[in-house]
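# Architecture and fold: a report
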Amino acid sequence: MNSRLGRLWLLAGYTFLYAPIVSLIVYSFNGSKMVTLWAGFSLRWYAEIAHDTEVLDAFALSLKLALLTATASVILGTMAGMAMAKYRVFRGRTLFIAHVNAPLVVPEVITGLSLLLFFVATQKIFGVPAERGLWTIWIGHTSIFASYAAIVVNSRLLEMDRSLEEAAMDLGARPHQVFYLVTMPMIAQALMSSWLLTFTLSLDDVVTTAFLSGPGSTTLPTVIFSRARLGLSPSVNVIATVTVAVVALGVLVASLWLAHQERRRQRDETLAYREALDAAARPTLP
Amino acid sequence: MSNPPTLPALSSAQRAQRRGRRWVIGVPYAFLLLFFSLPFLVVLRISVSDMEGVHFTDLLTYLDGVFTLKLKVSNYLFLASDKLYLDTYLSSVKFAALNTLICLGLGYPFAYFMARSPAAWRPALLMLVSLPFWTSYLLRVYAWRGLLDDQGVVNDLLVATHVIDAPLKLMHTSFSMMVGLVYTYLPFMILPLYANLVKMDLRLLEAAADLGASPWKGFWMITVPLSKSGIVAGSMLVFIPTLGEYVIPELLGGPSTLMIGRVLWDEFFSNNDWPMASAVAVSMVALILIPLVLFNKYQNEATGAGARDTP
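Residues numbered from 1 in each chain as written. Chains lettered and ligands numbered in written order. Predicted model: local features only at pLDDT ≥ 70, side-chain atom pairs only at ≥ 80, totals over all residues.

## Remarks on the overall build of chain A
A count of helical and extended segments in chain A gives 12 helices and 0 strands. When the helices and strands of chain A are listed from N to C terminus, the series reads α-α-α-α-α-α-α-α-α-α-α-α. A compact globule built from 286 residues should have a C-alpha radius of gyration of about 19 Å, whereas chain A, at 25 Å, is more than 25% larger. Over its C-alpha atoms, taken along the principal directions, chain A stretches across nearly 90 × 60 × 45 Å. Scored against the burial criterion, the 286 residues of chain A give a buried share of 38%. Counting contacts in chain A only where the partners sit at least 6 residues apart, residues at least 24 apart contribute 75% of the total. (Helix = DSSP H or I, 4+ residues; strand = E, 2+ residues; numbered from the N terminus. Rg over C-alpha atoms; globule rule 2.2 N^0.38 Å. Buried ≥ 20, exposed ≤ 12 C-beta atoms within 10 Å, placed from the backbone. Contact = placed C-beta atoms within 7 Å.)

See below:
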């Protein structure tokens, strides 16, 4: 089809995707208290947020939560992904797969509500959890986001060459050795990307958090959400700009790291290949 | 567990393998059963319970040798008969369907042009679509409040270019909510469509052209039918989450924009009516199961047909 129309369509599409982000950044440097009225370049909202303890405390909690969630999600997700990829037959496999997929389609208002009512019930019966806060939110996030990690790891395992694992096993490696020495290096990239994915999902979550947080546990999205609900707020623009800067930096570092890995892998392959050639060229011993 | 003596003894490696397998399946299974399914059963139970102050009545009581099972279905009867709830369900489905159609209309050409662009550009174009995912979704939705405000960028632009004389009321309407929904879910439509279109065998189009088909006809008779699975996958990824959306209607929607997720939230947080909120949650799951079952059926048929076609 027409390539000029194509270019125009793509340009319009990317403008649509990026205009809101650009506008947030531009208006974060606005000196006016009225967010939409431009009153000259200023850093006053940045100075203000550096002393905004509500935002800073919430950010610290969000960061802790996201670290815990991402780590737990990758561990559980890797196990679930392996269970689905490796064991083609076991009792309850269909139900297991349904369980892994369900958190991806059930709306968060439902997951959040059910876990809260569950915690209220267990508190009444067992006295656990004593109060809602970091740990209840963590369980909620992990129960949803582990599925994302499971899907990523599962699809990587399915495209992986299984004969290496079998070779290691034939050569007498124990299952945990096979996992740490063969499987894990091969799925390292999938583990890394699912960790980053679940980290950002947790850092961004507002609905599940709202149901599971207690009085003293406000996360950054909760603060943003309550401020955004009231109207436009310069502080939210500043938070957005900082987020975008951090993400841009992260993407840059990640792509440099991936490029480095790729180069190293290619170098190793060339070396191995050359060695194999040398070995083949050597005269065989009688 | 000890093995029956009739079986040959397992080597220690085999035993370790079995143990590993049990853990790898058991741990995530137990976690999801405990923290995902069991809580939903609690919701089911509460949706048919009566509240006495802060306590729920027992469903099953035993008195003088008689078990009494008391299920309060009035919440469900109310959901099925109340006009406000019915309107909310209908409008949730309507907004989700509209969002799916708009995303398809905008996203299909977008994915198509991406897939037909020079191969060297494609990784960058693809990254630009997925990059916004990594920044906060909440902040990106919030950004539209600034853009669509009465004194926002969009109104300023329209007034400055004399398209309109006075600012339009864009914010807090169904329009602003639709903009937010399309904005958020467009990448979910583009990515599966792109993945599908980029793999297409272009020689089919050449063959069609050689046989005299116009490019337009080739597009409709070859490209679109071949991308059917991408269309279905993208539509599912847009339709289902939109049904349960809460943040976008709350931040961008009007006071009269009805969405089911918002009703659940209000029943719980504003009215403190836990049984009612639970009943809404159960009915929402039922609403989501319908497209899911249809999708599953479609996929099974598609793979079944594929298996038949390949010798």
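## A look at the packing of helix α11 (residues 220-230) of chain A against helix α5 (residues 137-148) of chain B
Two elements in contact, α11(A) and α5(B), have axes whose closest approach is 11 Å; the angle formed by their N-to-C orientations is 15°. Judged by the inter-axis angle, α11(A) sits roughly parallel to α5(B). Along this stretch, α11(A) crosses α5(B), giving a crossing that reads as left-handed. When α11(A) is examined against α5(B), the residues A:P221, A:I224, A:F225 and A:A228 are found in contact with a partner set consisting of B:L138, B:L139, B:Y142 and B:R145. Its residues assigned to classes, the contact of α11(A) with α5(B) comprises 7 nonpolar, no polar and 1 charged. (Axes fitted to C-alpha atoms, helices over the stretch in contact; angles between N-to-C directions. Parallel < 35°, antiparallel > 145°, perpendicular 65-115°, else oblique. Left-handed = near helix turned anticlockwise from the far one by under 90°. Nonpolar A, V, L, I, M, F, W, Y, C, P; charged D, E, K, R; others polar.)

## Structural notes on the nonpolar core
Core analysis: the largest hydrophobic core is formed by 134 residues, its most contacted members being A:L113 and B:L264. In terms of residue count, the dominant contributor to this core is helix α3 (residues 53-86) of chain A (14 residues). Here A:L113 is in contact with A:F211, B:V43, B:L264, B:F268, B:A277 and B:A281, once residues within four sequence places are set aside. (Core = buried A, V, L, I, M, F, W, Y, C linked by C-beta atoms within 7 Å.)

## Remarks on helix α12 (residues 260-269) of chain B
Judged by how many residues are buried, α12(B) sits mostly within the fold: 8 of 10 residues are covered. Here α12(B) has its buried residues at B:I260, B:G261, B:R262, B:V263, B:L264, B:W265, B:E267 and B:F268.

## As for the interface of chain A and chain B
Across the boundary between the two partners, chain A contributes 60 residues, which contact 67 residues of chain B. Listed by contribution, the elements that provide at least two residues to the side of chain A that touches chain B are α1 (3-28), α3, α4 (93-105), α5 (108-126), α6 (134-159), α9 (188-204), α11 and α12 (234-281) of chain A. Counting residues per element, the side of chain A that touches chain B draws most heavily on α1(A), at 12 residues.

## Some remarks on the domain arrangement of chain B
Interfaces are often sized by the amount of accessible area the parts lose when they come together. Residue and element names in this part refer to chain B. Taken domain by domain, chain B holds domain 1 (12-69) and domain 2 (82-309). Each of domain 1 and domain 2 was reduced to a C-alpha centroid, and the two centroids are 35 Å apart. Taken together, the contact pairs 6 residues of domain 1 with 6 residues of domain 2. Here the side of domain 1 that touches domain 2 takes 4 residues from helix α1 (residues 12-47), the largest share from any one element. (Domains from an automatic or database assignment.)

## Let's talk about the packing of α5(B) against helix α7 (residues 174-197) of chain B
Residue and element names in this part refer to chain B. One can describe the packing of α5 onto α7 by two numbers: an axis separation of 10 Å at closest approach and a directional angle of 140°. Taken together, the axis directions place α5 and α7 in an arrangement best described as oblique. Every pair of crossing elements has a handedness; the one defined by α5 and α7 is right-handed. On the side of α5, the interface is formed by Y137, V141, W144 and L148, while α7 contributes S176, V179, G180, Y183 and T184. Here the residues of the contact of α5 with α7 sort into 6 nonpolar, 3 polar and no charged.

## A look at the domain arrangement of chain A
Residues and elements named next belong to chain A. Per the domain assignment, the segments making up chain A are domain 1 (1-30 + 233-268) and domain 2 (57-231). Taken over C-alpha atoms, the centre of domain 1 sits 26 Å from the centre of domain 2. Taken together, the contact between domain 1 and domain 2 spans 4 residues of the former and 4 residues of the latter. Along the lines of polarity and charge, the residues of the side of domain 1 that touches domain 2 split into 2 nonpolar, 2 polar and no charged.

## Side note on the pairing of strand β4 (residues 66-69) of chain B
Residues and elements named next belong to chain B. Here strand β3 (residues 60-63) runs beside β4; their pairing, made up of 4 bridges, is antiparallel. Note on β4: the bridge partner recorded for Y62 is F67. Connecting the antiparallel pair β3 and β4 is a turn made up of 2 residues, with D64 showing a positive phi of about 50°. (Pairing = 2+ DSSP bridges.)

## Observations regarding the confidence of the model for chain B
All names here are of chain B. When pLDDT is averaged along chain B, the result is 86, and 93% of the positions lie at 70 or above. The low-confidence segment residues 306-311, where pLDDT is below 50, has 0 contacts with residues more than four positions distant or belonging to other chains. The ipTM for the predicted assembly is 0.85, set against a pTM of 0.87. (pLDDT = per-residue confidence, 0-100.)

## Considering unusual backbone geometry
The residue after A:V128, namely A:P129, is reached through a cis peptide bond having omega -10°. You can see A:P129 is positioned in the loop between α5 and α6. The phi angle at B:H162 is positive, at roughly 60°, despite the residue not being glycine. Looking at the secondary structure, you find B:H162 in the loop between α6 (153-160) and α7. Although it is not a glycine, B:N272 sits at a positive phi angle of roughly 55°.

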